[in-house]
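Spelled out, the chains give:
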Amino acid sequence: MAESASKAAPGERVVIGITFGNSNSSIAHTVDDKAEVIANEDGDRQIPTILSYVDGDEYYGQQAKNFLVRNPKNTVAYFRDILGQDFKSVDPTHNHASAHPQEAGDNVVFTIKDKAEEDAEPSTLTVSEIATRYLRRLVGAASEYLGKKVTSAVITIPTNFTEKQKAALIAAAAAADLEVLQLISEPAAAVLAYDARPEATISDKIIVVADLGGSRSDVTVLASRSGMYTILATVHDYEYHGIALDKVLIDHFSKEFLKKNPGAKDPRENPRSLAKLRLEAESTKRALSRSTNASFSVESLIDGLDFASTINRLRYETIARTVFEGFNRLVESAVKKAGLDPLDVDEVIMSGGTSNTPRIAANFRYIFPESTRILAPSTDPSALNPSELQARGAALQASLIQEFETEDIEQSTHAAVTTMPHVTNAIGVVSVSESGEEKFVPIIAPETAVPARRTVHLDAPKEGGDVLVKVVEGSTHINVIKPEPKAKEDGETKEKTEDADDDGDFDDDDEEEEEEEEEEEKREKVWKIGSTLAEAAVRGVKKGAKVEVTINVNTDLTVIVTAREVGGKGGVRGTLSA
Amino acid sequence: MNATVVSLPLPTLPEGWAAEKDFKAIGKLTQEGSSMRTLEPVGPHFLAHARRVRHKRTFSEDDRIQAQAKAKKIEQDSDSDISEEEDPMLLARDAKDWKTQDHYKVLGLSKYRWRATEDQIKRAHRKKVLKHHPDKKAAAGRADDDNFFKCIQKAAEILLDPVKRRQFDSVDEEADIPPPTKKQLAKGNYYELWGKVFENEARFSKIQPVPGFGNENSTREEVEAFYNFWYNFDSWRSFEYLDEDVPDDNENRDQKRHMERKNANARKKKKAEDNARLRKLVEEAQAGDERIKRFRQEANAAKNKKRLEREAAERKAAEEARLKKEAEERARKEAEEKAKAEREAAKKAKEAAKNAVKKNKRVLRGSVKEANYFVEGEASAATIDAVLNDVDLVITKIDADEIAALAGKLNGLTVADEIKNVWKEEVSRLVGAGKLKEGDIKALVA
Ligand SMILES: Nc1ncnc2c1ncn2[C@@H]1O[C@H](COP(=O)(O)OP(=O)(O)OP(=O)(O)O)[C@@H](O)[C@H]1O
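Residue numbers restart at each chain and count upward from 1, following the sequence in its written direction. Throughout, the order in which chains and ligands are written sets their labels, letters from A for the former and numbers from 1 for the latter. Under the rules for a predicted model, residues below a pLDDT of 70 receive no local features and side-chain atom pairs below 80 are neither given nor counted, while totals for whole chains, interfaces and linings still include all residues. Here the side-chain values reflect all heavy atoms present in the structure, with hydrogen atoms and water set aside.

Caption draft 1: Spotlight on the overall build of chain A. When its secondary structure is counted, chain A shows 12 helices and 28 strands. If you line up chain A on its principal axes, its C-alpha atoms span 95 × 80 × 40 Å. Relative accessibility thresholds used throughout: buried, under 20% of the residue-type maximum; exposed, over 50%; partly exposed, between the two (1.4 Å probe, protein chains only). Every one of the 578 residues in chain A was classed for burial, and the buried ones make up 56%. Throughout, a contact is declared for two residues whenever any of their heavy atoms are within 4.5 Å. Put simply, of all contacts in chain A between residues at least 6 apart along the chain, 65% involve residues at least 24 apart. In chain A, the 65 positive side-chain charges and the 98 negative ones have mean positions that sit 5 Å from each other. Here a strand is any run of E in DSSP of at least two residues, a helix any run of H or I of at least four, and the numbering for each starts at the N terminus. Positive charge is attributed to Lys and Arg, negative charge to Asp and Glu, and no charge count is given to His or to the chain ends. One atom stands in for each charge, and that atom is NZ of Lys, CZ of Arg, CG of Asp or CD of Glu.

Pasting the structure below:
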């Protein structure tokens, strides 16, 4: 693992959690088992993942970001996803407005003037070197805040990071004198941030983590079982993200600017003007998450012309609809890929900066049933800050393992420990519904890793007596109740005039859509009783008593059933071989 | 974990349920393929799990490789479904001509077209960006030409926007499958050839799923449902993609309005033409559809079959009636003849009996004559008369059988005493039976 020369002994580690994003990074630590995100010396908790050199001085974070206007060539941004990649796998799109990645043998490098001397040759810096320098600044900020030198960290990574990318990150950290205790997946970190809250109750649930960032969006579907997480499906998207929303605003205001200033040059065509538009668009976008109105103003946008305007949230939501709908489809596709239905989802955890957008959370509200919790600030007052989840999760994990020997961490996270059989179908018992029909009561949820053990208490029959415990498998299916078809309006459906002008901006004017009041079909999830696994009898149960049924599934998939009257003696126990 | 409480009752144990130790193992857990999945190694619960699993063991690199191979993969690492050769002509395209550009081909998705999933389009787009981004070319020392890159961006912009994609798909001629020619159909795979055409047209339907063309084994209901659907096809196909450019400046308002009207009319016309085209397709397919002919023939045959059956039934009923009548007639005649024969036989028997009685009576009367009326010498007329009177009286008291029996006894007797004894016996029998009284017969038994 880390080749750091000065590895701290487990007892002497000072640990933090780091989320290292393409757009932003965060650092966090724990105080009394509670995670806290640390503000750096600029007061930022979301620290732009940018490094910039001016006259030999190194800037990082927001200060470096501001140099994208005046000093783009010596500024490196969006490099996290380049680390550990071949040049041919690098997407340089977002680097276009700053230093460009270049191929150098097996390496990807940036050519940067990082020295003070006027005539100094620009340096060729590998992406690993850039990452090391940036991480060093993060660690420095954390150390300063904690008053102790940070030695070690848990860092979050996307689920599709390759072994090469992981190795490159660990090496870059080591070069910054930082021991990587563990790399954990971003969605797992987000779930942990929620589960670690003192008020959290651990229950079996299906969670969707929608991590909507700046340059990418990743949606993960997980089964959370007894506080352990199994990823069922992931989707990764590089089309719909925060930058796409910035672009919507850039186009909107550029057009407005051109309308107000006939004959002016298009500010999008000029790199420096575009850089200004980008910064302002992002801050306007963030303001629109907080309030229903926001201003947009750029001094000397182009040819000395200033520009100032405002936009309200409704307007923004209209012009950004295409992107918002892209997020909807992305989330839906992840659920589908997991072989699930929106009705199966118990929680949607909204993570990443873009998840602060109220409209996106409101849209997700429509995708899922009422019973699904949408954990975003605008839909759930108890939600955590989406921008902080991953750093918190990383900090929590770091505090859990900080005293482990390196060898111990390696063994605990070994594939032989993480790879476990999971039950395919739900296991439960047959009860009697109010209408007298057989009804499945799940005890062990599908996709639960084994060994697993769950207990339920059910009522005895009204008069007590001998009780049948019938253990069965169960599966869900979706009932669709179609609404009565409504009489159609006569005549052709109104053709909408979509103005497809040459520069490809369709999102112009007149967007008031008449929402067709269509009655929605009703969908409900029902359990179906599958094959019978076993039957057992609990005899002589008292009137009004409860019956306890426990199901144990072992690693070899044998099933042990025990059933007894709650508070009574005896009971039955039986084993089902695999 | 604590017990979950469910307020539903368990069923009562059925009558007669019994098992050793009250437990019956019946089935096994379902296992779909490999059930191995990977737990995220985070959180206190995972660490507790890890402690239990490790249990003083040490896992090796080999164990890692083995475990990883068994685990279900969740990250797709191949884009092999979207690899396609790049046509040099395509690379030389001018991005300004995006209206005539084949967006699917630009992204290397020409074999998918409207069938391409959003995920495929995204991956294809990214793949092209990685290759054609101008910064990559500049890095490789090639000319800083971003023309094809712009084509790629335009293609992605259109294909990733569901509204614009539909507009393009509406006019994507490359996706068309023309109706099969007579020559193609002559080879005999009518359903396959037309099936492909309709499957392809089905993408335009607002209502999904769309009934397929089926094959020679489709039922009449299926075929009828198919034509019913396709004659009422509700298509989302639209033709704004082919609009002529409308001038964007404010000076030429009239011209702008003129162009808009022209475009609107053109769309309407194309839409009508398309509806007509589809209708013609359906008609053409229907005209040659052997299934429809067969269903008609089968319907006719079924109708005929009913008629023939009815006629046969009628014939059969008539025949049965006739046979029944004949049988009845025959039975009646036979009964009549039998009765007649019986009557005659009875008459004969009666006569024979009468004759026998006559004969026997003669024997009875003769017997007393043979016995010389039980006197020595010539019998007086009075004696004869008295004896014969007695004989006649006895005869009146006995029936034909008794007469025959008596005659049997008397027949052949010649000795007077023997004859007399027979008569005496008979008379005393009759007296004993109460048919005669003592004294009624005198002469005969004197
Ligand atoms: N309050 C807000 N409302 C809307 N968007 C926001 C808000 N805060 C941050 N963002 C946007 O979130 C994006 C950054 O997301 P995040 O901080 O999660 O970065 P990241 O994980 O590094 O992203 P990636 O790796 O995908 O580039 C930016 O586009 C930023 O503009």
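Caption draft 2: Region of the structure containing unusual backbone geometry. Put simply, Val450(A) and Pro451(A) share a cis peptide bond, and its omega is 5°. Cis rather than trans, the peptide bond between Gln208(B) and Pro209(B) has omega equal to -5°. Inspection of the secondary structure puts Pro209(B) in the loop between α10 (190-201) and α11 (220-231). Phi at Asp303(A) is positive, roughly 50°, even though this residue is not glycine. Checked against the element boundaries, Asp303(A) lands in the loop between β16 (293-302) and β17 (305-312). The backbone of Phe374(B) shows a phi angle near 65°, a positive value even though the residue is not glycine. Owing to a relative accessible area of 17%, Phe374(B) belongs among the buried residues under this scheme.

Caption draft 3: Molecular detail of the UniProt feature "binding site: ATP 3" (unreviewed entry) in chain A. Residues and elements named next belong to chain A. UniProt positions are given in the numbering used here, feature names are shortened, and annotations may be inferred rather than shown by experiment. Per the UniProt record, "binding site: ATP 3" (unreviewed entry) is found at Asn-22, Ser-23, Asn-24, Gly-214, Ser-215, Arg-216, Glu-282, Lys-285, Ser-289, Gly-353 and Thr-354. Tracing the sequence through the fold places Ser-23 in the loop between β1 (15-20) and β2 (24-31). Among all residues touching Ser-23, those that are not within four sequence positions of it are Ile-47, Pro-48, Thr-49, Tyr-78, Gly-214 and Ser-215. We classify Lys-285 as buried; its relative accessible area is 10%. Sequence-distant contacts of Lys-285, defined by excluding residues within four places in its chain, comprise Gly-242, Leu-245, Asp-246, Leu-249 and Tyr-316.

Caption draft 4: Layout of the UniProt feature "binding site: ATP 2" (unreviewed entry) in chain A. All names here are of chain A. In the numbering used here, UniProt assigns the feature "binding site: ATP 2" (unreviewed entry) to Asn-22, Ser-23, Asn-24, Arg-80, Glu-282, Arg-286, Arg-290, Gly-353 and Thr-354. Their sequence span is 333 residues, while the largest C-alpha to C-alpha distance among them is 28.4 Å; these annotated residues do not converge on one region. Of note, Arg-80 is situated in the loop between β7 (75-77) and β8 (102-104). Residue class for Arg-80 comes out buried when judged on its relative accessible area of 4%. Look past the residues within four positions of Arg-80 in its chain and what remains in contact with it is Phe-20, Gly-21, Asn-22, Pro-158, Phe-161, Glu-186 and Arg-216. Within the secondary structure, Arg-286 sits in helix α6 (residues 271-290). Here Arg-286 falls in the partly exposed class, since its relative accessible area comes to 40%.

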